[in-house]
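A look at the structure
Next come the chains, spelled out residue by residue.
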Amino acid sequence: MASPWIPRMHLWEIDDQPWFPSFLRGYVQSGLTHAWTVHLPYLQPSSPATVVAETLRRALGASAARYTYIDFCAGAGGPTPFIERALNGQLARGSAAAAAARRLSTVPAVASSGVLDGASRADAADAPSYAAVADPDTKSATVVRREENGQDGEENQGVDFVLTDLHPHVESWEAASKKSDRLTYVSRPVDAANAPEDLLRRYGAKKNGGAGGNKGIFRLFNLAFHHFDDDLARAILKNTVETSEGFGIFELQDRSVGGLATCFIFGFFIFLVAPLLYWWSPLRLFFIYAVPIVPFVLVFDGLISCLRTRTADEVEALLRSCGANSDGWEIRSGREQVIWPCGYLNWVICSKK
């Protein structure tokens, strides 16, 4: 993340307050979801949700297919359903490309001289043996190597995403889960600092006593981690290290001049695109234009979120002091531009080595 020019301040946001009307909170959350999912041509390379999926795929590499992704602060759904579709789409395309490459590289036989059509014996090592062809139940060394490397196993499959929250939004989650077989949810409250045992057993890796096969749990915090004070953040990280194999923190803001400016730009875009997004809801448009509570809250809370957002170094300091053994955990971070001229996605990804 960008180096901060002011210290972190854990101030309050309007949307978090119990007195803020629930229907207005719904409007604000819809606006935040669109901030993740809308793609403005020429101004954005792709939607921020798609950038998250690309970042997970790039940072985790082949391991991206070896997790079940659990959003512990899903809210009304946010970007997670869109991240799920984007990541599974990327994995499917990668799997198809790898399969095509393997088919093209298959060598039907190897001459006794060790060379066939200009290919060396080493290049032809992946060709199936005569024994494997004669006896279909016999696995060739090629198949064994691919299975050991995960090439013909879980990497060729999709990954599952799970929506959870301390305050479940079951109706919204159910609607989202109907659009994908890879998206599900937990209908009861889930505390990110104390993940329930049955959730861990259902999705955890078999080696840890779970029923998730070889796939471990990867926790997602999308536009959420800045809401936790230091004590709660440490408790969540401690529980994460003890029960999961990785986590990702994704924020659309930071403590920089550009981050603060992006909040005002976002407010401006709300006025521009609201008729296209909310033409079907006169009441929502009323609270955007006639009485602009929604854009005000989005901009105000966005500015406060900037001041509350941690750098990667600050997250790592919390991780190392959370009370759990994090020696085997590797932390990576970065930022990706998601809107011109100064809008960036800031990310921290941490996983077991």
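Just so you know, the residues in each chain are numbered from 1, in the order the chain's sequence is written. Where local features are concerned, this predicted model is filtered to residues with pLDDT of at least 70; where side-chain atom pairs are given and counted, the filter is 80 or more; whole-chain, interface and lining totals use all residues. As a rule here, side-chain values come from all non-hydrogen atoms in the structure, and water together with hydrogens is ignored.

Counting from the N terminus, the helices are the DSSP runs of H or I reaching at least four residues and the strands are the DSSP runs of E reaching at least two. Relative to the helices and strands, D16 resides in the segment before α1 (22–37). Its relative accessible area of 38% is what places D16 among the partly exposed residues. Each C-alpha atom of the pair D16 and D301 lies 9.3 Å from the other, and the pair is 285 residues apart in sequence. Partly exposed describes any residue whose relative accessible area lies between the buried limit of under 20% and the exposed limit of over 50%, with all areas from a 1.4 Å probe on protein chains only and scaled to the type maximum.

The next point concerns the pairing of strand β7 (residues 246–251). Taking burial as the measure, the six residues of β7 include six buried ones, the bulk of the element. Residues G246, G248 and F250 line one face of β7 and the alternating positions F247, I249 and E251 line the opposite face, and both faces are buried. In this sheet, β7 lies alongside strand β6 (residues 216–222) in parallel orientation, the contact comprising five bridges. Across the sheet, R219 pairs through a bridge with F247, a residue of β7. Seen with its strands pointing away from the viewer, a crossover is right-handed when the path leading from the first strand over the helix to the second is clockwise. With respect to chirality, the unit in which β6 leads through helix α8 (residues 230–243) into the neighbouring parallel β7 is right-handed. Strand pairing is defined by DSSP finding a minimum of two bridges between the two strands.

So, on to the nonpolar core. Note on terminology: a nonpolar core comprises buried Ala, Val, Leu, Ile, Met, Phe, Trp, Tyr and Cys residues joined through side-chain atoms within 4.5 Å. Counting 32 residues, the largest nonpolar core has L56, Y69 and F250 as the members making the most contacts within it. Listed by contribution, the elements that provide at least two residues to this core are α2 (48–60), β1 (67–71), α3 (80–105), β4 (161–163), α6 (170–177), β6 and β9 (343–352). The element contributing the most residues to this core is α2, with seven residues. The contact criterion used throughout is that any non-hydrogen atoms of two residues lie within 4.5 Å. What F250 contacts, discounting residues up to four positions off in sequence, is W36, V52, T55, L56, L220, F221, N222, L223, L345, N346, W347 and I349.

Below, the discussion takes up α3. Here the expected span of a helix is defined as 1.5 Å times the quantity of residues minus one. Taking 1.5 Å per residue as the helical rise, α3 with its 26 residues ought to reach 38 Å, and the 37 Å between its terminal C-alpha atoms agrees with that figure. Those residues of α3 that fall on the buried side of the exposure criterion are T80, P81, I83, E84, A86, L87, N88, G89, Q90, L91, S95 and R102.

Burial in α6 covers these residues: W173, A176 and S177. Seen from one end, α6 has its buried residues packed into an arc of 95 degrees, which puts them on one side. Looking at the packing, one finds that the buried side of α6 touches α3, β4 and β5 (183–185). Throughout, the arc means that of the directions going from the helix axis to the C-beta atoms.

A few words on the packing of aromatic side chains. Each pair of aromatic rings taken from Phe, Tyr and Trp, with Trp reduced to its six-membered ring, is defined by centres within 6.5 Å and is described as stacked if the planes are under 30 degrees apart, edge-to-face if over 60, and tilted in the remaining cases. According to the stated counting rule, one finds 17 aromatic pairs in the structure shown. Residues F221 and F225 carry aromatic rings whose centres are separated by 5.7 Å and whose planes lie at 70 degrees to one another, so their mutual orientation is edge-to-face. F225 shares its class with F221; the two are buried. Each residue in the set F23, Y27, F286 and F287 is aromatic and connected to the rest through ring pairs, giving one cluster. By definition here, charges over rings are those cases where NZ of Lys or CZ of Arg is within 6 Å of the ring centre and within 35 degrees of the ring normal. We note R219 situated over the ring of F72; from NZ or CZ to the ring centre the distance is 4.1 Å.

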